[in-house]
Structures are given as structure tokens and as C-alpha cells.
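Overview (structure and organization)
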Amino acid sequence: MKVGTDGVLLGAWAPINHNPFSILDIGAGTGVIALMLAQRTPAEQIDALEIDEDAYEQAVDNFENSPWGDRLFCFHAGLDEFIEEPEDEYDLIVSNPPFYSENYKTENEQRDLARFQDAMPFEELIEAADLLLSENGIFAVILPHKEEENFIALAKESELYPIKITRVKGTPTSEIKRSLIAFSRNEIPETETNELTIEIERHVYTPEYIELTKDFYLKM
């Protein structure tokens with residue numbers, strides 16, 4: 001699995017002002033978000049959870065070959081198994097969840113597992129975040145923009161409230177495609193909202209996107 005823009009966006013954007021001591025990445029893939037958060041924070045415990053065996057093995061390799069290997073740990077398990085006997089609470093929980101909820105499947109079972117919502121329903125993800133999030137923790141996700149309203153409503157049922165939303169579009173003239181949302185247990189009067197455009201034109205990145213991600217790209 002190659003590194004996708006969604007993962008890079010979430011890894012660079014997830015709020016860390018509250019100085020998280022412990023971080024959990026749910027559905028880690030090859031580990032890029034956990035690695036970015038290891039680079040951005042001094043958090044002493046950074047756990048990742050990945051159900052696909054090949055992705056899990058790649059994440060473990062990537063963790064071991066990084067400068068932060070002593071702070072990174074990957075669990076090979078599904079979310080349902082992981083929350084059966086929760087041992088820890090986390091100050092920051094991040095997830096780039098599978099989101100293709102349409103009813104078709106491709107011939108590639110591995111890719112389907114990563115991309116289709118039935119591998120990790122939103123309700124299950126929110127339930128896990130509620131169970132595992134520390135009192136003053138933050139839960140951050142990236143979603144298709146069309147799912148934003150539904151996800152916020154589901155989170156509210158678990159008393160998780162949006163504190164920051166960044167809506168992302170590819171170019172100045174394109175539609176909003178993604179929503180980055182950070183949740184807290186503490187409801188605030190007004191959610192901080194803004195927009196981010198990735199490119200001015202093909203491979204010409206906006207100053208905002210460069211500022212957000214420059215610490216992670218070799219050529220930015």
C-alpha cells in the first residue's frame with residue numbers, strides 16, 4: 001500500500017497542543033500516521049492497530065527502521081478484539097478509516113478490506129474512541145466530506161464533540177472532498193472551521209499545504 005494524501009494530511013494536521021503522552025492509530029496501514037506523530041511529538045507510547053497481515057508486517061518493519069522505534073508498537077488485531085480488554089487510555093486517537101460504503105467489491109480482497117466501510121463501521125470506531133480516549137484526549141479522523149454530518153451526529157451520541165474541522169479540496173475550483181475532524185469530550189460554543197486547498201494546479205502545491213506537510217516530504 002502506497003502512502004496516500006489522506007494519511008499524510010491526518011498525520012500532519014492532528015492536534016497535539018495538549019501534549020499527548022499516549023497515542024493510538026486505528027487502522028494503521030503501513031504506519032505512516034503513527035510515524036508522523038512520533039516525529040511531531042515526544043509522546044512516549046505510540047500504538048498502532050492493523051488487521052491486515054501484510055500491512056501489519058510492513059508497519060512493524062517501518063517502525064523498527066525509524067528513529068522512533070522504541071516508542072512505536074503495532075498490534076496485529078481487529079478493533080473488536082483490541083477493545084475487549086482495554087488496558088490503556090490514549091490522549092490522542094487517530095484514524096483514517098476505510099470509507100467506500102458502496103455495494104461493489106473488486107477482485108483484490110486486501111484492497112477491499114482497507115477501503116470498504118464494512119471492515120470498520122463508523123459506529124464501531126466511535127464506540128472504541130469513547131472507550132479508549134482519556135478525559136482530556138482528542139480523537140481525530142479524516143473522512144469523505146459527504147460523511148461529515150453523519151459522523152458528527154454519531155459521535156455526539158457518545159458525547160464526543162467537534163472542536164476543529166478542516167475541509168479539504170484538491171484545487172481552488174474543485175469540490176470539497178475530505179473533512180478532517182477533531183473531537184473532544186468537552187463541548188465548546190463554536191467549532192473552529194477552515195478550508196485547505198492542496199494544489200493550485202497539478203503538482204504545484206498551495207503555500208498552506210506546503211506549510212502543513214513540509215516536514216514530511218523530501219522534496220517540498
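Structure: see above.
All values derive from a computational prediction rather than experimental measurement.

Another aspect to go through is the overall build of the protein chain. Looking only at helices and strands, one finds eight helices and ten strands in the protein chain. Among the 220 residues that make up the protein chain, the fraction classed as buried is 48%. Long-range contacts, defined as pairs at least 24 residues apart, comprise 70% of the intrachain contacts of the protein chain with a sequence gap of at least 6.

The subject of this paragraph is the packing of aromatic side chains. Taken as a whole and judged by the stated rule, the model has eight aromatic pairs. Relative to Phe151, the ring of Phe122 lies with its centre 5.1 Å away and its plane at 80 degrees, an arrangement referred to as edge-to-face. In this pair, Phe122 sits in helix H6 (residues 122-132) while Phe151 sits in helix H7 (residues 148-157), placing the two residues 29 residues apart along the sequence. For Phe122, a relative accessible area of 1% translates into the label buried. Between Tyr209 and Tyr217, the ring centres sit 6.5 Å apart and the planes meet at 45 degrees, which makes this aromatic pair tilted. Assessed through its relative accessible area of 32%, Tyr217 is described here as partly exposed. Among the aromatic residues, those joined into a ring-pair cluster are Phe122, Phe139, Phe151 and Phe183.

About the criteria used
- Residues numbered from 1 in each chain as written.
- Predicted model: local features only at pLDDT ≥ 70, side-chain atom pairs only at ≥ 80, totals over all residues.
- Heavy atoms only, no water.
- Helix = DSSP H or I, 4+ residues; strand = E, 2+ residues; numbered from the N terminus.
- Buried < 20%, exposed > 50% of the residue type's maximum accessible area, 1.4 Å probe, protein only.
- Contact = heavy atoms within 4.5 Å.
- Phe/Tyr/Trp six-rings, centres within 6.5 Å; stacked < 30°, edge-to-face > 60°.

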